[in-house]
Structures are given as structure tokens and as C-alpha cells.
Amino acid sequence: MKEFFLSYPRSKDFRRKASEQCKPYTDKLLTITLIYLLISVAVSIIDSLTGTRTPIEGTDMYITTTWFAGLFEFLTAGAFMFSFVLICKKVYDDKEPVLKDLFSGFNQFTRALVVNLLSSLYIALWTLLFIIPGLVKSFSYALAKYIAIDRPELSANECITESRKIMDGHKWELFCLGFSYIGWMLLSVLTLGILLLWVAPKMQQAQYLFYLHVSGKGLEDEKLKEASVEVEVVDAQ
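All of the points below concern the structure found in this document.

About the thresholds
Residues numbered from 1 in each chain as written. Predicted model: local features only at pLDDT ≥ 70, side-chain atom pairs only at ≥ 80, totals over all residues. Heavy atoms only, no water. Helix = DSSP H or I, 4+ residues; strand = E, 2+ residues; numbered from the N terminus. Buried < 20%, exposed > 50% of the residue type's maximum accessible area, 1.4 Å probe, protein only. Contact = heavy atoms within 4.5 Å. Expected span 1.5 Å × (residues − 1). Axes fitted to C-alpha atoms, helices over the stretch in contact; angles between N-to-C directions. Parallel < 35°, antiparallel > 145°, perpendicular 65-115°, else oblique. Nonpolar A, V, L, I, M, F, W, Y, C, P; charged D, E, K, R; others polar. Salt bridge = Lys/Arg side-chain N within 4 Å of Asp/Glu carboxyl O. Phe/Tyr/Trp six-rings, centres within 6.5 Å; stacked < 30°, edge-to-face > 60°. Lys NZ or Arg CZ within 6 Å of the ring centre and 35° of its normal. Pairing = 2+ DSSP bridges. Left-handed = near helix turned anticlockwise from the far one by under 90°.

Let's talk about the overall build of the protein
When helices and strands are counted, the protein shows 12 helices and two strands. For the protein, the α and β elements follow one another from N to C terminus as α-α-α-β-β-α-α-α-α-α-α-α-α-α. Reported as C-alpha extents along the three principal axes, the dimensions of the protein are approximately 85 × 40 × 35 Å. Burial status across the protein gives 35% buried among its 237 residues. Long-range pairs, those at least 24 residues apart, make up 65% of the contacts in the protein between residues at least 6 apart in sequence.

As C-alpha cells, this is what we get:
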């Protein structure tokens, strides 16, 4: 991995390395993704059942006002976001993910909620100016969730600021990485989302590798691993 981070990986390199890392845990990652999608479907069903139907005067049509899905998304989006980052971290460390990891982000519920809320708020405010600035800022703040987990000493706002600094000059690279999966996403639509069970974990892993690369943390971690191995060898002698 050290050679990978020392090089200048392109989108195809991140995709290839992500596929390699996810391959040993395909079944586990598929199960975790499936459970998450089933939770999303269940939330949508409850949302439709608890909605309020208001008749449109003079017609036989209704306006349905729902609230459950919005509230659920507001409260849990950040925690699930953290969970998937922690899963990517386990896969990178060659540790087998398990189903309970899907809820590991809830151990940092408040921090996850604030990071997600502030990021969404800032992006929404920039979008009010025009769509393009909001889109650009979404890439600027994309690393906040990873930083929040790796650097607990930073506040949520500091994580967002740090993400903006790191992503300076790298936003286009992240856009290209996401766009490189467009073919797989289209195929997922044709398979009614079934293919997404295999594609989504690889996309998340590729984005995690991107974070490790642009932040320099990946190379730093690899150097620490090498130093640890050298110390073990010396101790053994």
C-alpha cells in the first residue's frame, strides 16, 4: 500500500484497489448493504402510512404530507454515514466487517449528527446563491466525516474547515472518481438496484482510499506499520 500512496493514483487505480480490498468480504458487505436498504424501504413504507392526506378542493385528488422519513433521515443520516466510514476503515485494515458495524456510528451519535447537520446547512446556504457553488462545496466538505472519526479532538466545524483545506485542488479528482462509476450506476438502475449491493461498498471504499491519499494519512499509517514491524523484528532478535 505504501507504493500506492507514493504514486499518483487515478480513478481507475482507486477503483481497482477498492475492489481488491472488498473482495474477501463480499458476502459480509453485501449483507450489510442489503440490511441498510431494507431499513430505508421500511422507513418509506412507514412514512407513506403515517402521512396526512389533504383533499384538493373541487377534485378527487389528495396532497399527502409526510414527516416520518424526514425525521428519520435527520436523526440517523450522520450516524449511518459514520458507520460506513468505520466499515471502510475495517476493510482497509483487513479486518472482517460484521452486521453490527452498520450501527457502530451510533456510538458517536451526537458528533455524527452535528457534522452532518452543519455540512448540509453550509451546502444548502451555498446552493441558495446558485446550484454550482453548492455542488462545489459538497466536494469541499466531503472529507469531514473521515476527519471527524480520525481526529476526535477537532470540533465538527473544525472538521469541515479541515476538509475544505485538504480538498483545495482535489475537488475535480473526487468528481472524476464518482463519475467513473456512472456505468455501474446505470446498470444498477437496469437491475432495479440489485447490482448496487455489490457496487456501493466498492464506491465507499474507493472514496475512503481517496481520503487517505489526499490527506496524507494513508502514507503516514503505512510508515507507522513499517516502523512497528521493524521494532518487532529487533525485539525478536
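A look at helix H3 (residues 26-50)
Between its terminal C-alpha atoms H3 stretches 36 Å, which fits the 36 Å expected from 25 residues at 1.5 Å a residue. Looking only at H3, the buried set comprises Leu29, Leu30, Ile32, Thr33, Val43 and Asp47. Packing partners of the buried residues in H3 comprise helix H2 (11-22), helix H4 (68-92) and helix H11 (196-215).

Brief notes about the packing of H4 against H11
Two elements in contact, H4 and H11, have axes separated by 9 Å at closest approach and are oriented at 75 degrees. Regarding the angle of H4 to H11, the classification is roughly perpendicular. Contacts from Phe84, Cys88, Lys89, Val91 and Tyr92 of H4 reach H11 at Gln204, Gln205, Tyr208, Leu209 and Leu212. Counted by class, the contact of H4 with H11 contains seven nonpolar, two polar and one charged residues.

Things to note about the pattern of salt bridges
The final tally for this structure, using the stated rule, is seven salt bridges. A salt bridge links Asp101 to Lys90, with the shortest nitrogen-to-oxygen separation between them at 3.0 Å. Of this pair, Asp101 sits in the loop between H4 and helix H5 (109-129) while Lys90 sits in helix H4, and the two are 11 residues apart along the sequence. With relative accessibility at 10%, the residue Asp101 sits in the buried group.

Notes on the packing of aromatic side chains
All chains considered together, the criterion is met by 20 aromatic pairs. Among the aromatic residues, those joined into a ring-pair cluster are Phe4, Phe5, Phe14, Tyr92, Tyr146, Tyr208, Phe210 and Tyr211. Sitting above the plane of the Trp126 ring, Lys137 keeps its charged end 4.7 Å from the centroid.

Describing helix H6 (residues 131-140)
Of the residues making up H6, those classed as buried are Gly134, Lys137, Phe139 and Ser140. At its buried positions, H6 is contacted by H5, helix H8 (156-166) and helix H9 (171-179).

A short note on the pairing of strand S2 (residues 62-65)
Taken residue by residue, a regular strand's side chains alternate between the two faces of the sheet. Where strand S1 (residues 52-55) meets S2, four bridges bridge the pair, whose relative direction is antiparallel. From the neighbouring strand, Thr54 faces S2, where its bridge partner is Ile63.

Focus: the side chain of Ser83
Tracing the sequence through the fold places Ser83 in helix H4. Every residue in contact with Ser83, bar those within four places of it in the chain, is listed here: Asp101, Leu102, Phe103, Ser104, Gly105 and Phe106.

Description of the side chain of Lys17
Relative to the elements of secondary structure, Lys17 occurs in helix H2. Those residues in contact with Lys17 that sit more than four places away from it in its chain are Met1, Phe4 and Leu209.

Topic: unusual backbone geometry
In this model, Asp94 sits at a positive phi of 60 degrees, which is unusual for a non-glycine residue. Within the secondary structure layout, Asp94 lies in the loop between H4 and H5. Asp94 gets classed as exposed once you look at its relative accessible area, which sits at 58%. Of note in this structure, Leu192 is not a glycine but carries a positive phi near 60 degrees.

Details of the environment of Ser11
Along the polypeptide, Ser11 turns up in helix H2. In this structure the C-alpha to C-alpha distance between Ser11 and Phe210, which are 199 residues apart in sequence, comes to 9.0 Å. Discounting residues that sit within four places of it in the chain, Ser11 has contacts with Glu173, Cys176, Leu177 and Ser180.

Things to note about the packing of H2 against H11
Put simply, H2 and H11 touch, their axes get as near as 8 Å, and they point 115 degrees apart. Where H2 crosses over H11, the handedness of that crossing is right-handed. Between H2 and H11, the residues in contact are Phe14, Lys17, Ala18, Ser19, Gln21 and Cys22 and Pro201, Lys202, Gln205, Ala206, Leu209, Phe210 and His213, respectively. Residue classes in the contact of H2 with H11 are distributed as seven nonpolar, four polar and two charged.

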